[in-house]
Amino acid sequence: MRGTMETFLNLLPLKIVVIGGGAAGFFGAIASAQANPHAQVTLLEASRQPLAKVLISGGGRCNVTHACFDPDRLVQNYPRGAKALRGAFSRFQATDTVAWFAAQGVYLNKEADGRMFPVTNTSETIVECLIKTAAVAGVELRIGTPVISVKQLENGKFEIILKSGEIINCDRLLLATGSSLIGYKIARELGHQIEPPVPSLFTFNIADPKLRALAGVSVNPVQLRLSVGGKSPLQQTGPLLITHWGVSGPAVLKLSAWGARILHDNRYQGKLIINWLPDLQQEQVRQKLLAVKEEWAKKAIALHRGVDLPHRLWQYIIARVGITTEDRWAGLPHKILNQLLLELTQGEYLINGKGAFKEEFVTCGGVNLKEVDFKTMSSRLVPGLYFAGEILDIDGVTGGFNFQSAWTTAYLAGKAIATSD
Ligand SMILES: Cc1cc2nc3c(=O)[nH]c(=O)nc-3n(C[C@H](O)[C@H](O)[C@H](O)COP(=O)(O)OP(=O)(O)OC[C@H]3O[C@@H](n4cnc5c(N)ncnc54)[C@H](O)[C@@H]3O)c2cc1C
């Protein structure tokens with residue numbers, strides 16, 4: 001009789017629950033349902049709008065991934081998680097993402113800077129694709145279903161307690177709750193350590209009204225060095241945009257990602273050193289200034305700049321060293337020329353806070369990566385528990401890298417959760 005019961009239990013479908021109907025939750029649920037069509041896969045989403053972040057991502061266009069198809073180079077875009085992702089990217093990387101979506105009839109377009117968007121240029125294409133593919137794979141989607149707690153029972157199964165009071169049991173559990181605090185709480189209750197969550201990908205506030213008055217001016221490239229709390233400076237080169245509150249643009253956002261934790265710990269106070277002319281050596285800039293001084297001796301410095309910078313920015317920079325609109329090149333003392341040289345190549349700006357970047361935002365911190373096996377995304381502490389997406393202590397710079405880590409970790413988790421013994 002006992003043998004018959006065991007055989008019967010073995011014949012029951014494997015019950016998999018995925019908590020979190022975001023990019024990682026959908027991708028993981030689809031991968032598990034496709035890998036094991038006999039498994040019963042349920043996706044629980046707290047809100048009534050699944051994939052809400054995908055919908056607003058990339059300014060409504062969804063920057064799905066980045067055209068960086070070499071795992072060694074790909075990992076260099078992750079301030080946190082690079083080491084752990086190296087092996088994972090050898091199993092599922094950006095080329096696989098492109099192929100996966102193409103197999104569902106969704107084609108991605110590469111922009112000049114490497115970012116990849118759906119050819120339709122709308123994130124709705126990605127949302128519709130994920131919802132449809134999940135339904136076809138047999139994933140049961142339950143929206144408006146917040147989970148408040150999870151327990152592991154003595155038999156290894158999980159008991160999931162919903163806010164409604166309903167209890168759901170499952171054999172295996174994939175946690176894909178993004179940066180939600182309740183998700184971190186569930187992981188902690190199951191025994192995992194959470195690296196404290198702090199924001200990443202933000203702009204810098206600079207308390208200089210004269211700089212802010214240049215809002216809209218952009219320079220590409222600039223070289224930025226960020227110095228915070230006496231630590232060795234972080235560096236980035238790329239486009240910079242002056243805004244109504246300070247500076248933004250890819251170089252600033254990347255710097256914010258690498259400096260996310262240290263800036264948080266220093267209450268977003270730091271020093272930003274800007275080289276406005278990184279393509280030239282300092283001595284070359286000096287020679288250019290001396291040449292223009294000689295050639296345009298009788299002309300106003302404000303109107304004859306000699307270096308390739310937007311006119312309004314040049315006027316702002318010369319004003320920083322006390323040059324007025326009337327001053328002529330001929331009368332420029334050597335000392336002021338040297339100060340101008342320094343302003344152009346290592347101008348100092350005080351950061352006094354962070355601003356929002358609407359196109360992409362991510363949280364660094366989350367489940368400690370040492371506690372996760374990145375071959376399968378399974379917990380090293382709790383058998384049957386898996387993780388994917390932003391709940392992990394992984395985050396990338398702007399450009400499609402955050403979704404890429406969600407697709408990768410979710411794909412590996414989904415396959416393993418449905419097929420491993
Ligand atoms: C404005 C914005 C734009 C972005 N644009 C881009 C971009 O273009 N490219 C890019 O690579 N990255 C982008 N990102 C980052 C990217 O959106 C995230 O990295 C990605 O969404 C993480 O996916 P996830 O599934 O792990 O988490 P999420 O997308 O946050 O999904 C988690 C889901 O879990 C649900 N959930 C949480 N707790 C519970 C619970 N207790 N019970 C049930 N459900 C729960 C949430 O409601 C949510 O739907 C953007 C982020 C923002 C905010």
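As shown above, the structure is provided for reference.
Everything numeric here is computed off the predicted structure, so don't read it as measured data.

S.K.: Could you give an account of the overall build of the protein, naming the residues involved and the relevant values?
M.R.: When you go through the protein residue by residue, the secondary structure sums to 15 helices and 21 strands. Its C-alpha atoms give the protein principal-axis dimensions of roughly 105 × 40 × 35 Å. Looking at the protein residue by residue over its 421 residues, the buried ones come to 51%. Contacts spanning at least 24 positions in sequence make up 74% of the contacts within the protein whose residues lie at least 6 apart. When the accessible surface of the protein is split by element, carbon and sulfur atoms take 53% of a total near 19200 Å². Across the protein, the mean location of the 44 positive side-chain charges is 4 Å away from that of the 35 negative side-chain charges.

S.K.: Residue-level account of the state of the cysteines, with values.
M.R.: The full count for this structure, using the stated rule, is zero disulfides. Free of any disulfide, Cys62 has its nearest neighbouring cysteine sulfur in Cys129, separated by 10 Å.

S.K.: Lay out the side chain of Thr345 in plain terms, naming residues and giving numbers.
M.R.: In this fold, Thr345 is placed in helix 14 (residues 334–346). The exposure class of Thr345 is buried, given its relative accessible area of 9%. Within the structure, the side chain of Thr345 is placed 2.9 Å from the side chain of Gln282, a separation counted as a polar contact. From its side chain, Thr345 meets the backbone oxygen of Leu341 in a polar contact 2.7 Å long. Residues contacting Thr345, with those up to four places away along its chain left out, are Ile274, Asn275, Gln282 and Val285.

S.K.: Any chance you could break down unusual backbone geometry for me, citing the residues and the numbers?
M.R.: Residues Asn220 and Pro221 are joined by a peptide bond in cis, for which omega reads 0 degrees. Relative to the assigned elements, Pro221 resides in strand 13 (residues 218–227). One non-glycine residue, Asn121, adopts positive backbone phi at about 65 degrees. Mapped onto the fold, Asn121 is located in the loop between strand 5 (115–118) and helix 7 (124–137). With a relative accessible area of 39%, Asn121 lands in the partly exposed category. Non-glycine residue Arg267 carries a positive phi angle of around 50 degrees. Relative to the helices and strands, Arg267 is located in the loop between helix 11 (260–265) and strand 16 (269–275). We classify Arg267 as exposed; its relative accessible area is 70%.

S.K.: Quick rundown of the sheet that holds strand 14 (residues 234–242)? Include the residues and the values.
M.R.: Strands sit in the order 12-15-14-13-16-17 around a closed barrel of six strands; the barrel is antiparallel. Going from strand to strand, the sheet's axes swing by 50 degrees on average, the running direction of each strand aside. Bridge analysis of strand 13 against strand 14 gives seven bridges, and the strand direction is antiparallel. Counted as the bridge partner of Val219 is Leu240 from strand 14. Here helix 10 (residues 250–258) sits on the sheet in contact with strand 12 (203–206), strand 13, strand 14, strand 15 (246–248) and strand 16, set at roughly 140 degrees to strand 14.

About the cut-offs
- Residues numbered from 1 in each chain as written.
- Predicted model: local features only at pLDDT ≥ 70, side-chain atom pairs only at ≥ 80, totals over all residues.
- Heavy atoms only, no water.
- Helix = DSSP H or I, 4+ residues; strand = E, 2+ residues; numbered from the N terminus.
- Buried < 20%, exposed > 50% of the residue type's maximum accessible area, 1.4 Å probe, protein only.
- Contact = heavy atoms within 4.5 Å.
- Areas by Shrake-Rupley, 256 points an atom, 1.4 Å probe, with all protein chains shown as cover.
- Lys, Arg positive; Asp, Glu negative; His and termini not counted.
- Charge placed at Lys NZ, Arg CZ, Asp CG, Glu CD.
- Disulfide = S-S within 2.5 Å.
- Polar contact = N/O pair within 3.5 Å; in protein donor to acceptor, adjacent residues only side chain to side chain.
- Pairing = 2+ DSSP bridges.
- Axes fitted to C-alpha atoms, helices over the stretch in contact; angles between N-to-C directions.

Everything listed is a geometric property; what it means functionally is a separate question.
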